[in-house]
Amino acid sequence: MTNRMLRRTFMKAGVFAGAAAAYVPPHNFDKYDFGSGPPVEDRLNQGPFPADLYPSWTVVRGLTPSAEMVANRGMGLTTYLCDEVGLLCPEGLEVALEDLARFPLGTNLYVRVNWKDVQSRPGRLDPNEIWKSSFALARQYQKRISFRVMISNPDISGYALPDFLLEKVPMVKLGSWQKREREEPRADHPYFQSAYQELVGLLAAEYNGHPDLESVDTSMYGFWGEGHTWPLEKNPYPDYRTAENTFVKMFEAQTEHWKKTPLVTNTQPDFSKVGNSELVDRTIRRGEWLRTDTIFIENEQIEALSNRPPWTAASIEVGISDGTPQRLRIDEGVTYSDNVIAHVKDVGASYFSLWNWHRISAGGLKRYYQAYPQALDLLARSIGYRVRPSWVWTYEERGEPGLIVGFVNDGIAGVPGVLRISVWTASGQELVAGCLDAGYPLPGRVRQALFPLPKGTAWQGLRLKAEIEIKAQRTPVRWACHQKLNEDGTLTLRPTAGLNDETGGGPT
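Quantities reported herein were computed from a predicted structural model and do not represent experimental measurements.

Draft legend 1. A look at the nonpolar core. Ranked by internal contacts, the top residues of the largest apolar core, which has 94 residues, are Trp 115, Trp 131, Phe 147, Phe 192, Trp 258 and Phe 352. With eight residues, helix α6 (residues 190-207) is the single largest residue contributor to this core. The residues contacting Phe 147, other than those within four sequence positions of it, are Tyr 110, Val 111, Trp 131, Phe 135, Leu 203, Leu 213, Ser 215, Val 216, Asp 217 and Trp 258. Counting 35 residues, the second largest nonpolar core, distinct from the first, contains Leu 44, Trp 289, Ala 449 and Leu 453.

Shown next as structure tokens:
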């Protein structure tokens, strides 16, 4: 994406020259105090559990990682059905969309549309066929879907806004780019704000908490809703404070309406001086998520994504090759797309885009995957969080039995919310339940928790169940372990042979 790589030239030319005194600068995310994350109700006792308090403990179960894809909420590979230029569909729209929805590596779907594609008149939604078909396909193939509604799209002729807005909202010329004069709306105009509030309200009334909806991209300033109008060096507002207040107001409207579905804010550097750093900060503090449209270009975004709080999901959007020779860009035996995938793992991504940039087609995805499956297969089996109970200890003190479980995350990201764990009888009675701290267990770490059981309870045959809580919405989680699970994703407890013999059963 050559145009985006030129941003570095723009930054070197003096991006901060003339910035308003009120400009909010970016900061390092490592060790930055974003608070404690989403609230944790019924917090489990997470230790320590010293031997003098639990002298009767004994390890009874050891579980190992799954080598399979695990499709849980808050993670996965995302198949793009439509971007800012649509999709390739010589065989017809319905066939093209369904071929994409069926692509096996994608556990999520995504559409990016213009405002005018979902609303053409005040007071009601009237989404286009791509939108309606995409939601229908998500339900048909049991995949979750995310979307972005753009207020600006420089890749189409005309405007992303519906005509009823263009008739009343001033458009400001910012300069010429790619041989076209570019204009952006005065989003601070009262009619724009009123119409935008209505749009958000209409969308949320229809989709907030929708069982098939994974997340919603935050509406941001400028091109594609990414928070910039690069390479144009001005924005349509009289000063920085007006611009920031406008987009903070729009962000607050979205958080007010989307109470059950996560919002996902772009970490785009604030080239256009519209308050991006403030939006990102509010996003994390509200328990919302982050996204980026690059993995190589801007080191500022890498800092934010790789050092984000563990409860914050990160979605990485980078186009991959369609498998044609001119788009492989091989360097020392590594394709550009495989290089991208390696760096997606480096920042601990929760999501990654299965997306042929501006050339969306199932054929392109299949062609690349068939020729170069290894990197995508490895990413599909490591992206996001992959939680399993690794150690299970039992104890009985003063006639009161219980379990201590050591949970492990074999994925590359923290849990994007709060993990709730419960212990059930085989007959379906919940015995004890509670939550780990937000974001836990962390990748490569063990988080232990205590589960006291009613007197007289035998541990064998009990079931361990996991759920993820995201914005007060609870969704079942399938354990990512090799050992056999029940159909509902729960694990039945039984002894693992040889665990109390550190010699592995051989001679001492």
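Text resumes after the structure shown.
Draft legend 2. View of the packing of aromatic side chains. According to the stated counting rule, one finds 30 aromatic pairs in the structure shown. Ring geometry for Phe 223 against Trp 224: centres 5.8 Å apart, planes inclined by 70°, an arrangement best described as edge-to-face. The pair Phe 223 / Trp 224 is uniform in exposure class, with both members buried. Aromatic ring contacts, followed pair by pair, group Trp 131, Phe 135, Phe 147, Tyr 207 and Trp 258 into a single cluster.

Draft legend 3. Layout of the sheet that holds strand β8 (residues 263-266). Reading around the circumference, β2-β3-β4-β7-β8-β9-β10-β11 is the order of the eight strands in this closed barrel, with parallel pairing throughout. Adjacent strand axes in the sheet meet at a mean angle of 30° when their direction is disregarded. Looking at chain direction, strand β10 (residues 314-316) and strand β11 (residues 351-354) are connected through two bridges and run parallel. The residue of β11 that forms the bridge with Ile 316 is Phe 352. Across the sheet, helix α4 (residues 129-140) lies against β2 (76-82), β3 (108-114), β4 (144-150) and β7 (213-217), angled at about 170° from β3, the strand it touches most.

Draft legend 4. Region of interest: the packing of helix α3 (residues 93-101) against α4. For the pair α3 and α4, the least separation of the axes is 10 Å and the interaxial angle reads 40°. The angle between α3 and α4 falls in the class oblique. Between α3 and α4 lies a crossing of right-handed hand. Counting all contacts with α3, which are made through Leu 93, Glu 94, Leu 97, Glu 98 and Ala 101, the residues of α4 involved are Glu 129, Ile 130, Ser 133, Ser 134, Leu 137 and Gln 140. Class assignment for the residues of the contact of α3 with α4 results in five nonpolar, three polar and three charged.

Draft legend 5. Geometry of the side chain of Thr 267. When you line up the elements, Thr 267 lands in the loop between β8 and α8 (276-285). Of the polar contacts made by the side chain of Thr 267, one reaches the side chain of Gln 301; its length is 2.6 Å. Apart from residues lying up to four places away in sequence, Thr 267 is in contact with Val 280, Leu 290, Arg 291, Thr 292, Gln 301, Ala 304 and Leu 305.

Draft legend 6. Representation of α8 within the structure. For α8, the buried fraction is high: eight of the ten residues fall into the buried class. For α8, the complete set of buried residues consists of Asn 276, Ser 277, Glu 278, Leu 279, Val 280, Asp 281, Thr 283 and Ile 284. On the buried face of α8, the contacting elements are α7 (240-257), β8 and β9 (289-292). Two residues or fewer past α8, Gly 287 is found with a positive phi of approximately 80°.

Draft legend 7. Summary view of the pattern of salt bridges. The final tally for this structure, using the stated rule, is 29 salt bridges. Residue Glu 214 is joined to Arg 144 by a salt bridge in which the shortest nitrogen-to-oxygen separation is 2.7 Å. Here Glu 214 is found in strand β7, whereas its partner Arg 144 is found in strand β4, with 70 residues between them in sequence. Accessibility expressed as a relative area gives 0% for Glu 214, which makes it buried. Taking the relative accessible area as the measure of exposure, Arg 144 reaches 15% and is therefore buried. In this structure, Arg 327 and Asp 322 form a salt bridge, with 3.7 Å as the shortest nitrogen-oxygen distance. For Arg 327, a relative accessible area of 31% puts it in the partly exposed group. By sharing partners, the salt bridges in this structure join Glu 84, Arg 112, Arg 148, Asp 217, Arg 291 and Glu 317 into a single network.

Draft legend 8. Looking closely at the packing of α7 against α8. Axis separation between α7 and α8 bottoms out at 10 Å; the angle between their running directions is 25°. Between α7 and α8, the crossing angle belongs to the class labelled roughly parallel. By crossing handedness, the relation of α7 to α8 is classed as right-handed. Contacts between α7 and α8 pair Glu 244, Phe 247, Val 248, Phe 251 and Glu 252 from the former with Glu 278, Leu 279, Arg 282 and Thr 283 from the latter. The class makeup of the residues in the contact of α7 with α8 is four nonpolar, one polar and four charged.

Draft legend 9. Spotlight on the confidence of the model for the protein chain. Of all residues in the protein chain, 94% have pLDDT values of 70 or greater, and the mean over the chain is 92. When the criterion is pLDDT under 50, residues 1-22 qualifies, and its contacts beyond four places in sequence or with other chains add up to 35 contacts.

Draft legend 10. Main features of unusual backbone geometry. In this chain, Gly 47 is followed by Pro 48 through a cis amide linkage whose omega measures 5°. The residue Pro 48 is located in the loop between α2 (7-12) and β1 (58-62) in this model. You will see that Gln 178, though not glycine, has its phi angle at about 50°, which is positive. The topology assignment puts Gln 178 in the loop between β5 (171-177) and β6 (180-185). Residue Glu 332 is not a glycine yet carries a positive backbone phi of 50°. Positionally, Glu 332 belongs in the loop between β10 and α10 (336-346). We classify Glu 332 as exposed; its relative accessible area is 80%.

Draft legend 11. Representation of the sheet that holds strand β16 (residues 446-452) in the model. On the basis of which strands lie adjacent, the open sheet formed by four strands has the order β1-β12-β13-β16 and antiparallel pairing. In this open sheet, the two edge strands, each paired with only one partner strand, are β1 and β16. Between one strand axis and the next, the sheet turns by 25° as a mean value, whatever way the strands run. Summarising the sheet, strand β12 (residues 387-397) and strand β13 (residues 400-409) pair through ten bridges and their orientation is antiparallel. Residue Arg 388 lies in a different strand from β13, and its bridge partner there is Val 408.

What counts as what
- Residues numbered from 1 in each chain as written.
- Predicted model: local features only at pLDDT ≥ 70, side-chain atom pairs only at ≥ 80, totals over all residues.
- Heavy atoms only, no water.
- Core = buried A, V, L, I, M, F, W, Y, C linked by side-chain atoms within 4.5 Å.
- Buried < 20%, exposed > 50% of the residue type's maximum accessible area, 1.4 Å probe, protein only.
- Helix = DSSP H or I, 4+ residues; strand = E, 2+ residues; numbered from the N terminus.
- Contact = heavy atoms within 4.5 Å.
- Phe/Tyr/Trp six-rings, centres within 6.5 Å; stacked < 30°, edge-to-face > 60°.
- Pairing = 2+ DSSP bridges.
- Axes fitted to C-alpha atoms, helices over the stretch in contact; angles between N-to-C directions.
- Parallel < 35°, antiparallel > 145°, perpendicular 65-115°, else oblique.
- Left-handed = near helix turned anticlockwise from the far one by under 90°.
- Nonpolar A, V, L, I, M, F, W, Y, C, P; charged D, E, K, R; others polar.
- Polar contact = N/O pair within 3.5 Å; in protein donor to acceptor, adjacent residues only side chain to side chain.
- Salt bridge = Lys/Arg side-chain N within 4 Å of Asp/Glu carboxyl O.
- pLDDT = per-residue confidence, 0-100.

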